[in-house]
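Coordinate analysis (summary)
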Amino acid sequence: MDLCCLPDNNLLFLKRKIFPRMKKEIRRSKVKELLNSEVTGKDVLVKGWVRTKRESRNVVFIALNDGSTINNIQIVAETSEFPENLLRDISTGGCIAVTGKLVESQGKGQKVEISASAIEIYGKSDPESYPLQKKGHSMEFLREIAHLRFRTNTFGAVFRIRHTLAYAIHKYFNDKGFYYLHTPIITGSDCEGAGEMFHVTTLDLKNIPLDEKGEVDFSNDFFGTETNLTVSGQLEGELGALALGEIYTFGPTFRAENSNTPRHLAEFWMIEPEMAFYDIKDNMDLAEDFVKYLIRYILENCSDDLAFLNSNIYKGLIDRLNFVLENEFRRITYTEAIEALLSAERKWEFPVEWGRDLQAEHERYLVEQYYKCPVIITDYPKEIKAFYMKQNDDGKTVKAMDVLFPGIGEIIGGSQREEDYEKLLARIRELKLPEKDLWWYLETRKFGTAPHSGFGLGFERLMLFITGMSNIRDVIPFPRTPKNAEF
RNA sequence: UCCUCAGUAGCUCAGCAGGUUAGAGCAUCUGACUGUUAAUCAGAGGGUCGCUGGUUCGAGUCCAGCCUGGGGAGCCA
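Everything quoted here is computed from the prediction, not taken from an experiment. Within any chain, residue numbers begin from 1 and follow the written order of that chain's sequence. Whichever chain is written first is A, and whichever ligand is written first is 1; the rest continue in order. Only residues with pLDDT of at least 70 get local features here, since the model is predicted, and only at 80 or more are side-chain atom pairs given and counted; chain-wide, interface and lining totals rely on the full set of residues. Based on all heavy atoms of the structure, the side-chain values leave hydrogens and waters out of the count.

In this section: the pairing of strand S12 (residues 267-276). Each residue is assigned to one of three classes by its accessible area relative to the maximum for its type, calculated with a 1.4 Å probe on protein chains only: buried under 20%, partly exposed between the two thresholds, exposed over 50%. A run of H or I in DSSP becomes a helix once it reaches four residues, and a run of E becomes a strand once it reaches two; helices and strands are each numbered from the N terminus. Most of S12 sits inside the fold, with eight of its ten residues counted as buried. Pairing between strands is defined by DSSP: at least two bridges between them are needed. Here nine bridges tie strand S11 (residues 246-254) to S12, and the two strands are oriented antiparallel to one another. The residue bridging phenylalanine 250 from the neighbouring strand is isoleucine 271, located in S12.

Now for the side chain of serine 453. Relative to the helices and strands, serine 453 resides in strand S17 (residues 452-458). Here tyrosine 278 takes part through its backbone oxygen, which lies 2.6 Å from a polar atom of the side chain of serine 453. Among the polar contacts made by the side chain of serine 453, one reaches the main-chain carbonyl oxygen of aspartate 279 at a distance of 3.5 Å. Polar contact criterion, stated in full: a pair of N or O atoms within 3.5 Å, where within protein one must be able to donate a hydrogen and the other to accept it, and residues adjacent in sequence count only if both atoms are side-chain atoms.

Salt bridge, as applied in this entry: a Lys or Arg side-chain nitrogen positioned within 4 Å of an Asp or Glu carboxyl oxygen. What the rule picks out here adds up to 26 salt bridges. For glutamate 353, the salt bridge goes to arginine 356, with nearest N and O atoms at 3.0 Å. Overall, arginine 356 belongs to the partly exposed group, its relative accessible area being 42%. Salt bridges sharing partners connect three or more residues here, namely Lys281, Asp285, Glu288, Lys292 and Arg331.

The strands making up a sheet are joined through hydrogen bonds of the backbone, oriented either antiparallel or parallel. The sheet built from eight strands is open, its strands ordered S7-S11-S12-S17-S16-S15-S14-S13 with mixed pairing. In the strand order of this sheet, the two ends are held by strand S7 (179-180) and strand S13 (330-333), each with one partner. Here strand S16 (residues 409-416) pairs with S17 via five bridges, running antiparallel. Counterpart to glutamine 416 in the pairing with S17 is serine 453.

Turning our attention to the nonpolar core. Residues grouped as a nonpolar core are buried Ala, Val, Leu, Ile, Met, Phe, Trp, Tyr and Cys residues, joined through side-chain atoms within 4.5 Å. If you look at the biggest cluster of nonpolar residues, it comprises 65 residues, and the most contacted ones within it are Leu165, Ile169, Phe290, Ile295, Phe405, Ile412 and Leu457. In this analysis, two residues are considered to be in contact whenever any of their non-hydrogen atoms come within 4.5 Å of each other. Once residues lying within four places of it in the same chain are set aside, the contact partners of leucine 165 are Leu294, Ile298, Phe459, Leu462, Met463 and Ile466. Tyr334, Val352, Cys373 and Tyr388 belong to the second-largest nonpolar core, a separate cluster that totals 31 residues.

Summary of the distance rule: residues count as near a molecule or strand when at least one heavy atom falls within 4 Å of that molecule or strand. Among the 49 residues in the neighbourhood of RNA strand B, the closest are listed as Lys108, Gln133, Thr261, His264 and Arg461. Counting only the atoms of RNA strand B that lie within 4 Å of the protein, the sugar and phosphate share comes to 50%. Between RNA strand B and glutamate 55, the relevant distance is 3.2 Å, taken from a base nitrogen to a main-chain nitrogen or oxygen of the residue. Contact distances for RNA strand B include 3.5 Å between a phosphate oxygen and a side-chain N or O atom of asparagine 471. Residue assignment for the surface near RNA strand B shows that the elements contributing at least two residues are strand S2 (43-55), helix H4 (139-144), S12, helix H11 (360-370), S16 and S17. Looking at the surface near RNA strand B element by element, the count peaks at four residues for S16.

Another point: unusual backbone geometry. A positive phi angle is found at lysine 483, which is not glycine, with a value near 70°. As for its placement among the helices and strands, lysine 483 is situated in the segment after helix H14 (459-467). You can call lysine 483 exposed: its relative accessible area is 88%.

Here we come to the environment of lysine 171. Within the fold, lysine 171 resides in helix H5 (residues 153-176). Apart from residues no more than four positions distant in its own chain, lysine 171 is found in contact with Tyr293 and Tyr297.

Purely geometric stuff here, so don't read any function into it on its own.
Structure follows, in structure tokens:
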């Protein structure tokens, strides 16, 4: 490579004195490690994106971020040491590599900084059209530029936390002896009952084959049968648990509901542990321990990002997280919940009556005003819950559990599963579910059935709670919602 | 899908009872000044007022439909 100064195109400028030796020897450092390292005066190399540039007569200050931390490192460049147009071409959003000495900062606001000796511009960023400013932007605007919003402090923090949370989930289960099971994303069963599904097909949509009855003929489709994107890995997860003992799934989940709320996505990630020999109480214990572990892990490993979110996004965030750690989840039955709601001195928009499902206003009241802490509600009427939940002896309720969080609502839904073949089959017939499509599910109850339990945790809902963000579209990189699949 | 609010400069918003050339702050550009920290000061450029149609001498402003976004509800995780 030509190593001379190239003032015209500004691709490269190296200070002659120090240049020949350094180029090969210096390993790139991440901003995070430099900010945490001792000041040695040694030469370092950093690469990253320019957040801001401030100019003085003799010196230019560049705040550089490489994504390794929310904090920027300050680059100090003496104006006289660099070609004028090189410094001019460095602007917010641009990408540069900087070689220089790591020194103690003369200014306030940072302990260390880099005194630059060479700067290479990887990519300029036209300041007239670069949409991110130094000042804050609305979440709505940033959502429209999802390809660039990673470069903001907020989304940098959110997605570093998202990664760490995903890692902690795997670590928690691995350490407990759970196996990560990959359940299918394309499924032929429509019996999970968790909502509208997206069709998966290779049929020509302009010329759909029909059979004699006028129904779509799927025999010529790719799988030879009707298929959809999964709405839950639970049924397959149970198959794994009834052999491997304890498994969990963690993958994308799809719901074709026309839901337009800050808590719903058409494509989201869900964690579904499924455990043999766990009863409903074991299930609740696991759910509580799991969530607390995850919160503790983020508090311990993402403190810089949390501190930023705490002061800029949701005041009181860290207190809220600590509160959850320090308090036991309140465990009540559905019947007790109804009694609490009936004795509440306030009017309900939706009636409170045993047998009716709890509405958002009811759940919010219980969690945010009555108990003022996370609540687990169990033993719901069987009519309002799924067919696979274990029936209680009272003949009216099932061993379901919903974990409700302040501000978020339902974050976990789970149950002990019905392991009795006859009872399960009866329920399937009662609800007129497609019995023949569930043959494999039923066989697990025929051959060595076992008591078992599991739950589903909405990954993005937990992200909402942990980051303090208020819209679920801002805790997933590329949200998929009705009328929106851009990026 | 229902209810509700909103859509004006790159961003965040103001715009009165329809009435001349549509405003502010920030951003950008130019200049000044400065080891700066969301730097400061001065100046400049920048608009199909979401779209379509209607009422009117005249519409950013009123009416209708549509599109997009926010909040609430339902569905759920």
